[in-house]
Amino acid sequence: MLPVRGSHRVIESTGCDQADALLKQLITRQEVPGLAICASYKGEAWFSGGYGFANLQAEIPVVPESAVFRIASISKPITAMALACMVADGSLDLQTDIRNYVPEFPQGHGLVNLKQLAAHTAGIRSYKGKEFALNQPMQIADSLELFVQDALVFPPGEGYLYTSLDYVLLSLAMERAQGQPFHELVSQRVLQPLQMSHTVREVPGEPAENQVEFYTRRGNGFQKSVPVDTRFKLAGGGYLSTVSDICRFGEACVKGELLPQALYSEFLTPQQVGGSSTYYGLGWEVSQDARGRPFYGHTGNAIGAYTNFKVFPDQELVVAILINASTAGVQPLLDSVVEALHQSLPAND
C-alpha cells in the first residue's frame, strides 16, 4: 500500500480539504506512484502536499519542497521566457527565417520563422516510432538528422500541429544566436534571475539531488521507466524541477517580471489559423477552464512523468502538479483539484 501523506495549507477550508481528498484518491487507488502539488495565491504559499512515493522500491515518500521531477512540456514555457528575453534585448527577431541560424534546414521547406516554431504552426512533424523514448546521447544539432529532411505536414503558417521537434530547432537557433549552450543561456536569463535553483537539465548518470524515480504503468502496477536521454529536446521537454520552482515561475509571469508587458501579451495570445484559435500562444497553452476563467500554462506527458501547470491571472492563482509516472486518465481529477482550490480563495475570487 502506498503511503498517503497529508497536505500543508495556509488556511483551512472545505475546498482545500476536498483537493487533499482527491489527491489521496490517486494514491489509494494506485493510479499514480507519487505526486507533489504547490499552489500560490497572490504570490504567497497557499496549498502544498506530497503524496505517495518518490521511490517505490526504497519506500521514499514524496517531499513536495524538495522532490525533483521530470516536468515534460512545462519546459516549453521556460524556453518561451528565455526566447522573449532575447527578443526584448534584440538578440532575436521572431520573424527571422530559421535558416539564418540553422542553415541545415532545407530550402525546399519554404519560409519558416521563429514565431511559427514557437507556436507550432511551422508544419514540422511530430515524433514517430521510438523517438519519444530515444536514449541516445545527442547534442541538439545532432538530432536534426532525425527529422529535418522530412516533408512538412502543411505549408508554414497554414496549420497547427503540436510537436516538440519545433523546439529542437528553436533552441538551436537560440544557442547559436547567443553563442552559448542552450541550457546555459536559459539559466542566465530565466532560472537564475527567478531563483529557480532546482530547475536543471536532466543528464543521464548524474541524477539531481532529491530526484524521484520515474515509472510507467504496467498492468495494475508500476515499473521503472526505460532510460531516456532528453538533452537534445531539452527546450520542449527535458527539464527537471520542483513544484515550488514552477510556482515561482508562474508568480513571475503574474507580476510581469523579466519582460515588458507587451511581450507577455504577444507570447500569451492564442494564435489564429484559418480563422480559428489554436488555444496556444508562443510556448504557452492559453485557454479557459470549465467556468470560463482564463488561464495559461502547460500540461506535459513524458516517459516517467505527467505534469500540470496553470496560471490564472485574474485570480493570481498558480498551480503546479508533478507526477512521477506516465499515466493516462488522471486529468479530469486534476481539474477537479484545481477547481476545489478556486473554491478556497477568499470570496471565490
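Details of the structure are given in the entry above.
A.B. asks: Got a minute to help me understand the sheet that holds strand S16 (residues 325–326) in this structure?
C.D. replies: Consider a sheet: its strands pair through backbone hydrogen bonds, and that pairing is either parallel or antiparallel. Pairing in this open sheet of 3 strands is mixed, and the strands run S8-S7-S16 from one edge to the other. Two strands bound the open sheet, and with one partner strand each, they are strand S8 (221–224) and S16. As defined by bridge partners, strand S7 (residues 215–218) adjoins S16 across 2 bridges and the pair is classed as parallel. Considered in S16, the bridge of Tyr-215 is made with Ala-325.

A.B. asks: Sorry if this is basic, but what is going on with the environment of Gly-90 here?
C.D. replies: Positionally, Gly-90 belongs in the loop between helix H2 (75–88) and helix H3 (114–119). The exposure class of Gly-90 is exposed, given its relative accessible area of 57%.

A.B. asks: Would you mind showing me how to read the packing of aromatic side chains here?
C.D. replies: We describe a pair of aromatic rings using the distance from one ring centre to the other and the angle between the two ring planes. Under the criterion given, the structure shown has 9 aromatic pairs. Centre to centre, the rings of Tyr-160 and Tyr-280 are 6.2 Å apart; their planes meet at 45°, and the pair counts as tilted. Of this pair, Tyr-160 sits in the loop between H3 and helix H4 (165–178) while Tyr-280 is found in the loop between strand S11 (276–277) and strand S12 (285–288), placing the two residues 120 residues apart along the sequence. Seen in terms of ring centroids, Phe-249 and Phe-309 are 6.0 Å apart; in terms of plane orientation they differ by 35°. Their pairing is tilted. Of the two residues, Phe-249 is situated in helix H7 (residues 243–255) and Phe-309 in strand S14 (residues 305–312); the sequence distance between them amounts to 60 residues.

A.B. asks: Any chance you could explain the pattern of salt bridges here in plain terms?
C.D. replies: Two side chains of opposite charge can pair, provided their charged atoms sit close to one another. All told, the structure shown has 17 salt bridges when counted by the stated rule. Salt-bridge contacts for Lys-24 lead to Asp-20; the nearest nitrogen and oxygen are separated by 3.1 Å. With Lys-24 and Asp-20 both in helix H1 (residues 14–28) and 4 residues apart, this pair spans about one turn of that helix. With a shortest N-O distance of 4.0 Å, Lys-115 and Glu-266 are connected by a salt bridge. Here Glu-266 lies in helix H8 (residues 261–267) and Lys-115 lies in helix H3, a separation of 151 residues in the sequence. We classify Lys-115 as partly exposed; its relative accessible area is 22%. By relative accessible area, Glu-266 is classed as partly exposed at 29%. Shared partners join several salt bridges into a network, and the residues in it are Arg-125, Lys-128, Glu-131 and Asp-150.

A.B. asks: How should I be thinking about the sheet that holds strand S5 (residues 69–70) in this particular structure?
C.D. replies: Spatially, 3 strands are ordered S5-S9-S6 in an open sheet, and the strand pairing comes out antiparallel. Both outer strands of the open sheet, S5 and strand S6 (200–201), are each paired with one neighbouring strand and no more. Both S5 and strand S9 (residues 239–241) contribute to a ladder of 2 bridges, which runs antiparallel. Bridge pairing in S9 places Arg-70 opposite Leu-240.

A.B. asks: What's the story with the packing of H2 against helix H5 (residues 182–191) in this structure? I'm lost.
C.D. replies: Between two packed helices, both the angle of their axes relative to each other and the distance between the axes serve to describe the pair. Where H2 contacts H5, the two axes come as close as 9 Å, and the packing angle between them is 80°. Overall, the two elements H2 and H5 adopt an arrangement that is roughly perpendicular. Here Ile-78, Thr-79, Met-81, Ala-82, Cys-85 and Met-86 of H2 come into contact with H5, specifically with Phe-182, Leu-185, Val-186, Arg-189, Val-190 and Leu-191. Class assignment for the residues of the contact of H2 with H5 results in 10 nonpolar, 1 polar and 1 charged.

A.B. asks: Help me understand H7, please; the structure alone is not making it clear to me.
C.D. replies: Given 3.6 residues to a turn, an α-helix orients residues that are three or four positions apart in the same direction. Spanning 13 residues, H7 covers 18 Å between terminal C-alpha atoms, matching the ideal 18 Å at 1.5 Å per step. Buried within H7 we find Val-243, Asp-245, Ile-246, Cys-247, Phe-249, Gly-250, Glu-251, Ala-252 and Cys-253. Two residues or fewer past H7, Gly-256 is found with a positive phi of approximately 75°.

A.B. asks: Can you walk me through the nonpolar core in this structure?
C.D. replies: One recurring pattern in soluble globular proteins: nonpolar side chains tend to sit buried together. The biggest cluster of nonpolar side chains holds 79 residues, and the ones touching the most others in it are Ile-98, Leu-117, Leu-169, Met-174, Phe-182, Phe-249 and Trp-284. Look past the residues within four positions of Phe-249 in its chain and what remains in contact with it is Pro-77, Ile-78, Met-81, Val-190, Leu-194, Met-196, Trp-284 and Phe-309. In this structure, Ala-19, Leu-22, Leu-26 and Phe-312 belong to the second largest nonpolar core, which totals 34 residues.

A.B. asks: Even after reading the chapter, I still don't get the pairing of strand S2 (residues 34–41), so can you show me in this structure?
C.D. replies: In the case of a regular strand, side chains alternate between the two sheet surfaces. Of all 8 residues making up S2, 8 are buried, and the element is well covered by its neighbours. The alternating pattern of S2 places Gly-34, Ala-36, Cys-38 and Ser-40 on one face and Leu-35, Ile-37, Ala-39 and Tyr-41 on the opposite face, and all of these are buried. Bridge count between S2 and strand S3 (residues 44–55): 8 bridges; the pairing is antiparallel. Note on S3: the bridge partner recorded for Leu-35 is Tyr-51. Connecting S2 to the next strand, S3, in antiparallel fashion are 2 residues, including Lys-42 with a positive phi near 55°. Note that S2 and strand S15 (residues 317–323) share 7 bridges and pair antiparallel. Residue Leu-35 lies in a different strand from S15, and its bridge partner there is Ile-323.

A.B. asks: Can you help me understand unusual backbone geometry in this one?
C.D. replies: What is expected of a backbone is that most residues other than glycine have negative phi and most peptide bonds are trans. At Glu-59, a residue that is not glycine, the phi angle is positive and equals roughly 55°. At His-120, a residue that is not glycine, the phi angle is positive and equals roughly 65°.

Rules behind the numbers
- Numbering of residues starts from 1 in every chain and runs along the sequence as written.
- The predicted origin of the model limits local features to residues at a pLDDT of at least 70 and limits the giving and counting of side-chain atom pairs to 80 or more, whereas totals for whole chains, interfaces and linings rest on all residues.
- As a rule here, side-chain values cover all heavy atoms of the structure and leave hydrogens and water aside.
- A pair of strands counts as paired when DSSP detects no fewer than two bridges linking them.
- Secondary structure counts use DSSP, requiring at least four H or I residues in a row for a helix and at least two E residues in a row for a strand, with both numbered from the N terminus.
- Per-residue accessibility, obtained with a 1.4 Å probe over protein chains only, is compared with the maximum for each type, and a residue is labelled buried under 20%, exposed over 50%, and partly exposed between these values.
- Stacked, edge-to-face and tilted are the three classes for Phe, Tyr and Trp ring pairs, Trp counted by its six-membered ring, which pair at centre distances within 6.5 Å; planes under 30 degrees apart are stacked, over 60 edge-to-face, the rest tilted.
- Each reported salt bridge corresponds to a side-chain nitrogen of Lys or Arg within 4 Å of a carboxyl oxygen of Asp or Glu.
- Every axis corresponds to a line fitted to the C-alpha atoms, with the helix fit spanning only the stretch in contact, and the corresponding angles, defined between N-to-C directions, vary from 0 to 180 degrees.
- To sort the angles, those under 35 degrees are grouped as roughly parallel, those over 145 as roughly antiparallel, those from 65 to 115 as roughly perpendicular, and the leftovers as oblique.
- Contacts are assigned to residue pairs that have any heavy atoms within 4.5 Å of one another.
- Only Asp, Glu, Lys and Arg are considered charged in this grouping, and only Ala, Val, Leu, Ile, Met, Phe, Trp, Tyr, Cys and Pro are considered nonpolar; every other residue, Gly among them, is considered polar.
- Multiply 1.5 Å by the residue count of a helix minus one, and that product is the helix's expected span.
- What makes a nonpolar core is a set of buried Ala, Val, Leu, Ile, Met, Phe, Trp, Tyr and Cys residues whose side-chain atoms join them at distances within 4.5 Å.

Just geometry here; none of it tells us what the structure is for.
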